[in-house]
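Listed below are the residues making up each chain.
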2 protein chains.
Amino acid sequence: MEIIRPAILPGFLELLPKEQLFFNKIKSIIEENFQLYGFLPLDTPVIERSEILLAKGGGETTKQIYFIERDKRDMAMRFDLTVPLARYVAQHYHELEFPFRRYHIGKVYRGERNQRGRYREFYQCDIDIIGDRELDLKNDAEVPAVFHKIFTQIGIEARIHMNNRKLISGLFQSYEVEDLQEAIRLMDNVDKLPEDKFLESLEEVISSETDRQAFLEFLSFEGRNIEKLDYLKSLDIDNEIFNEGLAELEEVYEDILMLGTPEEAILIDLRIARGLDYYTGSVFETFIIGHEDIGSIASGGRYEELALNYTSQSLPGVGMSIGLTRLFFQLMEAGLIEDEEISFVDAMVLNMTEDKKYLYKVLDRLRSEGIKSMAHYEDARFGRKLRYADRLSIPYVIIIGQDELESSKVSLKDMITGDQELMTLDEAIEKIK
Amino acid sequence: MEIIRPAILPGFLELLPKEQLFFNKIKSIIEENFQLYGFLPLDTPVIERSEILLAKGGGETTKQIYFIERDKRDMAMRFDLTVPLARYVAQHYHELEFPFRRYHIGKVYRGERNQRGRYREFYQCDIDIIGDRELDLKNDAEVPAVFHKIFTQIGIEARIHMNNRKLISGLFQSYEVEDLQEAIRLMDNVDKLPEDKFLESLEEVISSETDRQAFLEFLSFEGRNIEKLDYLKSLDIDNEIFNEGLAELEEVYEDILMLGTPEEAILIDLRIARGLDYYTGSVFETFIIGHEDIGSIASGGRYEELALNYTSQSLPGVGMSIGLTRLFFQLMEAGLIEDEEISFVDAMVLNMTEDKKYLYKVLDRLRSEGIKSMAHYEDARFGRKLRYADRLSIPYVIIIGQDELESSKVSLKDMITGDQELMTLDEAIEKIK
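For every chain, the first residue of its written sequence is number 1, and the numbers climb from 1 along that sequence. To read the labels, note that chains go from A and ligands from 1, taken in the order they are written. Only residues with pLDDT of at least 70 get local features here, since the model is predicted, and only at 80 or more are side-chain atom pairs given and counted; chain-wide, interface and lining totals rely on the full set of residues. Computation of side-chain values covers all heavy atoms of the structure but excludes hydrogens and water.

### Re the overall build of chain A
Okay, step 1: Assigned secondary structure in chain A consists of 16 helices and 16 strands.
Okay, step 2: Viewed in the frame of its principal axes, chain A has a C-alpha envelope of about 90 × 55 × 45 Å.
Okay, step 3: Buried, partly exposed and exposed residues are distinguished by accessible area as a fraction of the type maximum, computed with a 1.4 Å probe on protein chains only: under 20%, between the cut-offs, and over 50%, respectively. Split into buried and exposed, the 433 residues of chain A put 59% on the buried side.
Okay, step 4: Accessible surface is estimated by sampling points in the Shrake-Rupley manner with a 1.4 Å probe; for residues, cover comes only from the protein chains shown. Carbon and sulfur atoms make up 44% of the accessible area of chain A, which totals about 18400 Å². Secondary structure follows DSSP: runs of H or I at least 4 residues long count as helices, runs of E at least 2 residues long count as strands, and numbering of each begins at the N terminus.

### Observations concerning the relation of the copies chain B and chain A
Okay, step 1: Superposing the copies works by least squares over the C-alpha atoms of residues that have pLDDT at least 70 in both of them. When chain B is fitted to chain A, the residual RMSD is 0.0 Å, and the transformation amounts to a turn of 180° plus an axial shift of 0.0 Å. Here the symmetry operator amounts to a two-fold rotation axis. When C-alpha positions in chain B are compared against the rotation axis, the closest is assigned to Ile68(B), at 2.3 Å.
Okay, step 2: Here a residue-residue contact requires only that any non-hydrogen atoms of the pair lie within 4.5 Å. Interface overlap between copies is the fraction of interface residues in one copy that are interface residues in the other; for chain B against chain A it reaches 100%, indicating a shared surface.

### What to know about the interface of chain B and chain A
Okay, step 1: The interface is formed by 103 residues belonging to chain B together with 103 residues belonging to chain A.
Okay, step 2: Summed over both partners, buried area is the accessible surface (1.4 Å probe) that two parts give up on being assembled. Summed over both sides, the interface of chain B with chain A buries roughly 9500 Å², with 58% coming from carbon and sulfur.
Okay, step 3: A pair is scored as a salt bridge if a Lys or Arg side-chain nitrogen falls within 4 Å of a carboxyl oxygen belonging to Asp or Glu. The interface formed by chain B and chain A holds twelve salt bridges in total.
Okay, step 4: The partner of Lys356(A) in a salt bridge is Glu251(B), with the nearest N and O atoms 3.3 Å apart.
Okay, step 5: Polar contacts, as counted here, are pairs of nitrogen or oxygen atoms within 3.5 Å of one another; within protein the pair requires one atom able to donate a hydrogen and one able to accept it, and residues that are adjacent in sequence qualify only if both atoms are side-chain atoms. Between the two partners, chain B and chain A, sit 40 residue pairs in polar contact (both at pLDDT 80 or more).
Okay, step 6: Considering each element in turn, the side of chain B that touches chain A owes the most residues, six residues, to helix α1 (residues 17-36) of chain B.

### Structural notes on the side chain of Asp255(A)
Okay, step 1: Relative to the helices and strands, Asp255(A) resides in helix α11 (residues 240-258).
Okay, step 2: You can call Asp255(A) buried: its relative accessible area is 0%.
Okay, step 3: Reaching out from Asp255(A), the side chain makes a polar contact with the side chain of Tyr360(B) at a distance of 3.3 Å.
Okay, step 4: The contact partners of Asp255(A), leaving out residues within four places of it in the chain, are Lys138(A), Ala141(A), Lys356(B) and Tyr360(B).

### A short note on the confidence of the model for chain A
Okay, step 1: The pLDDT value expresses, per residue, how confident the predictor is, ranging between 0 and 100. Averaged over all residues, the pLDDT of chain A equals 94, while 98% of them reach at least 70.
Okay, step 2: In the predicted complex, the global pTM is 0.96; the interface-specific ipTM is 0.95.

### Here's the deal with the environment of Ile266(A)
Residues and elements named next belong to chain A.
Okay, step 1: With respect to the helices and strands, isoleucine 266 occurs in strand β8 (residues 266-268).
Okay, step 2: Residue isoleucine 266 is classed as buried on the basis of its relative accessible area, which comes to 2%.
Okay, step 3: As a C-alpha pair, isoleucine 266 and arginine 159 span 107 residues in sequence and 5.5 Å in three-dimensional space.

### What to know about the sheet that holds strand β1 (residues 40-41) of chain B
All names here are of chain B.
Okay, step 1: The pairing criterion for strands is at least two bridges between them, as found by DSSP. Reading across the sheet, the eight strands line up as β1-β5-β6-β11-β10-β9-β7-β8 and stay open at both edges, with mixed pairing between neighbours. The two strands at the open ends of the sheet, each matched to only one other strand, are β1 and β8 (266-268).
Okay, step 2: Bridging between strand β10 (residues 298-303) and strand β11 (residues 317-323) involves six bridges; their strand directions are antiparallel. The partner of glycine 301 across the bridge, within β11, is glycine 319.

### Side note on the sheet that holds strand β4 (residues 75-77) of chain B
The strands that make up a sheet are held in pairs by hydrogen bonds between backbone atoms, and each pair lies either parallel or antiparallel.
Okay, step 1: Across the sheet, six strands lie side by side as β2(A)-β4(A)-β3(A)-β3(B)-β4(B)-β2(B); this open sheet has antiparallel pairing. One side of each edge strand has no neighbouring strand; the edge strands of this open sheet are β2 (47-49) of chain A together with β2 (47-49) of chain B. In this sheet, neighbouring strand axes are inclined to one another by 45° on average, regardless of whether the strands run parallel or antiparallel.
Okay, step 2: As paired elements, strand β3 (residues 67-69) of chain A and strand β3 (residues 67-69) of chain B share three bridges and run antiparallel to each other. Residue Ile68(A) lies in a different strand from β3(B), and its bridge partner there is Ile68(B). Throughout, an axis means a line fitted to C-alpha atoms (over the contacting stretch in the case of helices), and angles, computed between N-to-C directions, take values from 0 to 180 degrees.

### A look at the packing of helix α10 (residues 225-234) of chain B against helix α11 (residues 240-258) of chain B
Residues and elements named next belong to chain B.
Okay, step 1: Two elements in contact, α10 and α11, have axes whose closest approach is 11 Å; the angle formed by their N-to-C orientations is 165°. Between α10 and α11, the interaxial angle falls into the category roughly antiparallel. In terms of crossing hand, the pair formed by α10 and α11 is left-handed. Here α10 contributes Asn225, Leu229, Leu232 and Lys233 to the contact with α11, which in turn contributes Phe242, Leu246, Leu249, Glu250 and Tyr253.
Okay, step 2: Along the lines of polarity and charge, the residues of the contact of α10 with α11 split into six nonpolar, one polar and two charged. Throughout, the term roughly parallel applies to angles under 35 degrees, roughly antiparallel to angles over 145, roughly perpendicular to angles from 65 to 115, and oblique to all others. Here is the rule for handedness: rotate from the far helix to the near one, and if that takes an anticlockwise turn smaller than a right angle the crossing is left-handed, while a clockwise turn gives right-handed. Any residue that is not Ala, Val, Leu, Ile, Met, Phe, Trp, Tyr, Cys, Pro, Asp, Glu, Lys or Arg is counted as polar, Gly included; the first ten are nonpolar and the last four charged.

### Some thoughts on unusual backbone geometry
Okay, step 1: Cis geometry marks the peptide bond from Phe98(A) to Pro99(A), where omega comes out at 0°.
Okay, step 2: Its identity is not glycine, yet Glu176(B) carries a phi of approximately 60°, on the positive side.
Okay, step 3: The topology assignment puts Glu176(B) in the loop between α6 (165-174) and α7 (180-188).
Okay, step 4: For Glu176(B), a relative accessible area of 66% puts it in the exposed group.
Okay, step 5: With a phi close to 55°, Ser393(B) is a non-glycine residue in the positive phi region.
Okay, step 6: Tracing the backbone shows Ser393(B) in the loop between α14 (382-391) and β14 (396-400).
Okay, step 7: The exposure class of Ser393(B) is buried, given its relative accessible area of 13%.

### Re a negative patch on the surface
Residue and element names in this part refer to chain A.
Okay, step 1: Note on patches: the residues involved have over 30% relative accessible area and no salt bridge, like charges join within 9 Å, and the nonpolar side chains Val, Leu, Ile, Met, Phe, Trp and Tyr join within 5 Å. Positive charges come from Lys and Arg, negative ones from Asp and Glu, while His and the chain ends are left out of the count. Think of each charge as sitting on NZ of Lys, CZ of Arg, CG of Asp or CD of Glu. Together, Glu178, Asp179, Glu182, Glu195, Asp196, Glu200, Glu203 and Glu204 give the surface a local cluster of negative charge.
Okay, step 2: With respect to the helices, strands and loops of the structure, glutamate 178 is situated in the loop between α6 (165-174) and α7 (180-188).
Okay, step 3: Relative accessible area serves as the criterion here: at 81%, glutamate 178 is assigned to the exposed category.

### What to know about the nonpolar core
Okay, step 1: As used in this record, nonpolar core signifies buried Ala, Val, Leu, Ile, Met, Phe, Trp, Tyr and Cys residues forming a set joined through side-chain atoms within 4.5 Å. Membership of the largest hydrophobic core comes to 144 residues, with the highest contact counts inside it found for Phe34(A), Phe147(A), Phe151(A), Phe172(A), Phe215(A) and Phe218(A).
Okay, step 2: In this structure Phe172(A) touches Val177(A), Leu180(A), Ala183(A), Ile184(A), Met187(A), Ile206(A) and Phe215(A), once residues within four positions along its chain are discounted.
Okay, step 3: Residues Leu53(A), Ile4(B), Leu186(B) and Leu270(B) belong to the second largest nonpolar core, which totals 143 residues.

### Notes on α10(B)
Residues and elements named next belong to chain B.
Okay, step 1: Asn225, Lys228, Leu229, Tyr231 and Leu232 are the residues of α10 that are buried. Down the axis of α10, the sector holding all buried residues measures 160°, keeping them to one side.
Okay, step 2: Contacts from the buried residues of α10 go to α6, α9 (209-220), α11 and β8.
Okay, step 3: Just downstream of α10 lies aspartate 236, where phi reads positive at about 55°. Read the arc as the range of directions from the helix axis to the C-beta atoms.

### Topic: α7(A)
Residue and element names in this part refer to chain A.
Okay, step 1: When α7 is considered as a whole, its buried residues turn out to be Ala183, Ile184, Leu186 and Met187. Across the axial projection of α7, the buried residues extend over an arc of 160°, all falling on one side.
Okay, step 2: Close packing links the buried residues of α7 with β7 (158-164), α6, α8 (195-205) and α9 (209-220).
Okay, step 3: Two or three places before glutamine 181, at the opening of α7, aspartate 179 has a side-chain oxygen 3.4 Å from that residue's backbone nitrogen.

### Quick word on the side chain of Gln64(A)
Okay, step 1: Positionally, Gln64(A) belongs in the loop between α3 (60-63) and β3.
Okay, step 2: In this structure, Gln64(A) is in contact with Tyr109(A), Arg110(A), Gly111(A), Glu112(A) and Arg70(B), ignoring residues within four places of it in sequence.

### Comments concerning the pairing of β14(B)
All names here are of chain B.
Okay, step 1: In terms of residue burial, β14 counts as a mostly covered element, since five of its five residues are buried.
Okay, step 2: By the alternation rule, side chains of β14 split into Tyr396, Ile398 and Ile400 and Val397 and Ile399, which are all buried.
Okay, step 3: Pairing of strand β12 (residues 347-351) with β14 involves five bridges; the strand directions are parallel. Following the sheet pairing, methionine 348 is matched in β14 by valine 397.
Okay, step 4: Pairing geometry for β14 and strand β15 (residues 410-414), over four bridges, is antiparallel. By the bridge assignment for β15, isoleucine 398 is matched with leucine 412.

### Thoughts on the pairing of strand β16 (residues 420-423) of chain A
A regular strand places its side chains on the two faces of the sheet in alternate fashion.
Residues and elements named next belong to chain A.
Okay, step 1: Bridge analysis of strand β15 (residues 410-414) against β16 gives four bridges, and the strand direction is antiparallel. Looking at the pairing, lysine 413 lines up with glutamine 420 of β16.
Okay, step 2: The loop that links β15 with its antiparallel partner β16 comprises five residues; one of these, glycine 418, has a positive phi angle of about 85°.

Structure, rendered in structure tokens:
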């Protein structure tokens, strides 16, 4: 038989068992917190009608779409979870209760250029709260609060940077900027462009020298969060949008703290704008403290119109998203998370006798006690079986020999200390638990 | 703005929130048991190299493959989880420990003809135990035992039908059948073909009239499992393969019982053959008692060579699989599972005061106690908010009014009885738990 070389496509990620267990642990932390904070699970098809995915028109992501060749070619693979959410809420509008709080953890596809740490298939983990025509500002605080809890539990020190698009728009309006989108895009690139290049572009956007100086001062203002809020108030800008944005920023910031997020985990960051057109209020980005070079690991914000392309209903919302596959790769690369010794089972049973009844009784008991367990049935030496347990980081081995069988006991071997002790099954269960 | 009609593709399934919660509950039962019985999670790319998926050559499934149009068209979407498993084990052979016990719950894609209850995207839930050159027969019993536990917990009465391919092959050999594959395929269709058609085809396969009669008797033998085993022994067939198969059938059957599966949940079914070429020993199919017309809801068996197309290593295994999406649809259709009132949260908090501190304190406490909870922040009448809780089947509403705020208490409303009571937050937490 001709053998085909077993390999996956470039740009796709596949994990070995131990990495997979670790990845799943992080995914579980995310999912459990999404549930704890009251979000509904959603699962939509990976394949959508092409016209749905292309509705928004040509951005970078639409160029990266995977189209499916079958039947009439109206199919393509989703490149994010926001477009499917918009389509879902528009489609099922009359069957949903608002505010509609949903989470979605699923794979998305982008035909990106193949480079280290960038994947063409990756998990996106999103939460959004969608209102029917209106959505209270208090929702804006919940979203970053969930993500703070998640990062803390994963064991990484992350800081959520926040700003407000109204504040920025109002500021630009006060400078009599004509092309607001262009100005926001420029601001989004402040840390990416060389300084002279940035200043040059800035001249095209803000015509007055005084305003440009004021803007540069705005961008570089340093201080504690509370000092930044005071500074913004002291600017005394006579623009309604600016002041609305400032009031929102202050309120959301206070709410986040009241929701239990410590002050040092939140940063009012006047340089954050978020390029995407559709953000209209709060904007969030998340950086790992001391590893800001990795870039934002979780971002989002408030938008006025979720589903303009699919419905005339007004659906404001607020949401945030993690690209989990990339984050996992980065955390491993930077050594920020320890590759813990997670095992897929709590105990492995080794039967050294010819009897099977007692072995099966033991297995059944363990499992009914919620102890994840397996038996090593293969014909192999004792030492090889222990090595199997060791390599798979299995913490306990239960040994059934002739003595154990006759006395209805078991020997419990602790694979970390190497200690082995004869005891009743109840005692062993107690110890494993 | 031009509005695009929000819709999904035909043959794809998308659930509303309550159905989704119910679907996820079933998926969790499956996953928890897979873990409890000691299987490792595996997650492979949905997209594979086309040559990997096409390696086995033209079956019905390869005609249904979704190809991806991008770059050099070497990509396609997986149509099952077995081919990716084979590829994975062959590729990572030196990095895995054997026996390799893995579970995989993931979406697969088949461009099937569009018909009710058949989906083009569906969840497959698989377990397999793969050995390195050898795999002990005791593994064959574990796999159906897990599935029995799963169906019991889902709340459906299912019976696992079992047989052995060696027994069948040996029987056909004793009849001097020339085309074994053809004979097994015919047997697989015994309940699908009209009787005369079946008998006609049988004549082409088994030439002797006496043997045909013996085979028909074999197929129609009724009795308890133990009687079937006695009957098979009484046939006294002088064929090594037959007797090996009979010994295996008996041993696996006994092991399944010893693993805690009740006798009435297992049926030795001499009519089960399973068409697929690659099964070589135990074969399993699962039927819902009283709803056998639905067809097998979980199937599998023992195979000698998992990955012949990708490696020269001998990798025997045993596994079983559920097509979850289809099963879910069928269970709902047949009214076999009750659409329980599952809520995404345990409690909803309603703040009727201007204060936010106490509200956030309550929310934070609830969540840190593991109580899934949300606050309804919107500006709406009390009655409308209670209706929201009611429609989403939220069991408890925690009300914070001026009195509650001042006394640092809460009012807990039981949404089933309608009872409302003033109590401390600790008492409320206790009650919700």
